[in-house]
Amino acid sequence: MDRKEMENGQPAFLLAQLGAHAANQFTERLAVLQLTPADAGILRLLRVAAAISQQELSEKLRIHPSRLVAILDNLERRQLVERKPNPNDRRLYSLHLTRAGGEILERIGKVAREHQDALLSALGAGDRKKLTELLQQVADQQKLTRGVHPGYQRLAKTKPSDLKHS
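Calculation criteria
- Residues numbered from 1 in each chain as written.
- Predicted model: local features only at pLDDT ≥ 70, side-chain atom pairs only at ≥ 80, totals over all residues.
- Heavy atoms only, no water.
- Helix = DSSP H or I, 4+ residues; strand = E, 2+ residues; numbered from the N terminus.
- Buried < 20%, exposed > 50% of the residue type's maximum accessible area, 1.4 Å probe, protein only.
- Contact = heavy atoms within 4.5 Å.
- Areas by Shrake-Rupley, 256 points an atom, 1.4 Å probe, with all protein chains shown as cover.
- Salt bridge = Lys/Arg side-chain N within 4 Å of Asp/Glu carboxyl O.
- Core = buried A, V, L, I, M, F, W, Y, C linked by side-chain atoms within 4.5 Å.
- Expected span 1.5 Å × (residues − 1).

(A) Layout of the overall build of the protein. Across its full length, the protein carries eight helices and two strands. Reading the helices (α) and strands (β) of the protein from amino to carboxyl end gives α-α-α-α-α-β-β-α-α-α. Here the protein holds 166 residues, and 31% of them are scored as buried. Nonlocal contacts in the protein, meaning residues at least 24 apart in sequence, comprise 62% of its contacts between residues at least 6 apart. Accessible area of the protein: about 11,400 Å², with a carbon and sulfur share of 53%.

Listed below in structure tokens is the structure:
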């Protein structure tokens, strides 16, 4: 890569650069709520997939069930999530947001909107819409699961004792 190419930026590099920057900034913003991005993502998924089983959530996130248990244990200790016996299968637990979980999810939403606005402040509404469409097209072509951050796959390779929770 020559100097001109570096100055003009390469799309893959820019995506990686912005992705890392955005992830770091979001992690810092969530720290105020004593949450990690993994916590926030699970709470968001539980809002749209109420009563999902731990097994189904593990499959959706593509992480080993034991890794998910460590995260859920922390969320349950904080009374943001509760496990209830599944009425259709006694071997399974259904996951539910608690009232406190719903309230903190509202706060997460506010943090996420502020984060997005700060990150994309250089773009007008039309450019933001076009950027979203283009990024979604690339994500779909790469067969990424909509609404699921690929960072959960890194958790699949992490020992539960290594997970950092507040």
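From this point, things continue past the structure.
(B) Expanded view of the environment of Arg99. Relative to the helices and strands, Arg99 is located in helix H6 (residues 99-119). For Arg99 and Leu80, which are 19 residues apart along the polypeptide, the C-alpha to C-alpha distance reads 7.4 Å.

(C) How the structure looks around the pattern of salt bridges. All chains considered together, the criterion is met by nine salt bridges. Among the salt bridges present, the one from Arg83 reaches Glu76, with a minimum N-O distance of 2.5 Å. A residue is classified by how much of its surface remains accessible, and Glu76, at 31% relative accessible area, is partly exposed. Its salt-bridge partner being Lys110, residue Glu114 comes within 2.7 Å of it at the nearest N-O pair.

(D) Up close: the nonpolar core. Judged by nonpolar contacts, the single largest core of 26 residues is most densely connected at Ile42, Leu43, Leu57, Leu61, Leu75 and Ile108. Counting residues per element, the ones that place at least two in this core are helix H2 (11-31), helix H3 (37-48), helix H4 (54-61), helix H5 (65-77) and H6. Per-element tally for this core: the top contributor is H3, with six residues. If sequence neighbours within four positions are ignored, Leu43 has contacts with Leu75, Leu80, Val81, Leu97, Ile104, Leu105 and Ile108.

(E) Fine view of H6. Taking 1.5 Å as the rise per residue, H6 with 21 residues should run 30 Å; its terminal C-alpha atoms sit 30 Å apart, in good agreement. Those residues of H6 that sit buried are Gly101, Gly102, Ile104, Leu105, Ile108, Gly109, Val111 and His115. Of the surrounding secondary structure, the elements contacted by the buried residues of H6 are H2, H3 and strand E2 (89-97).

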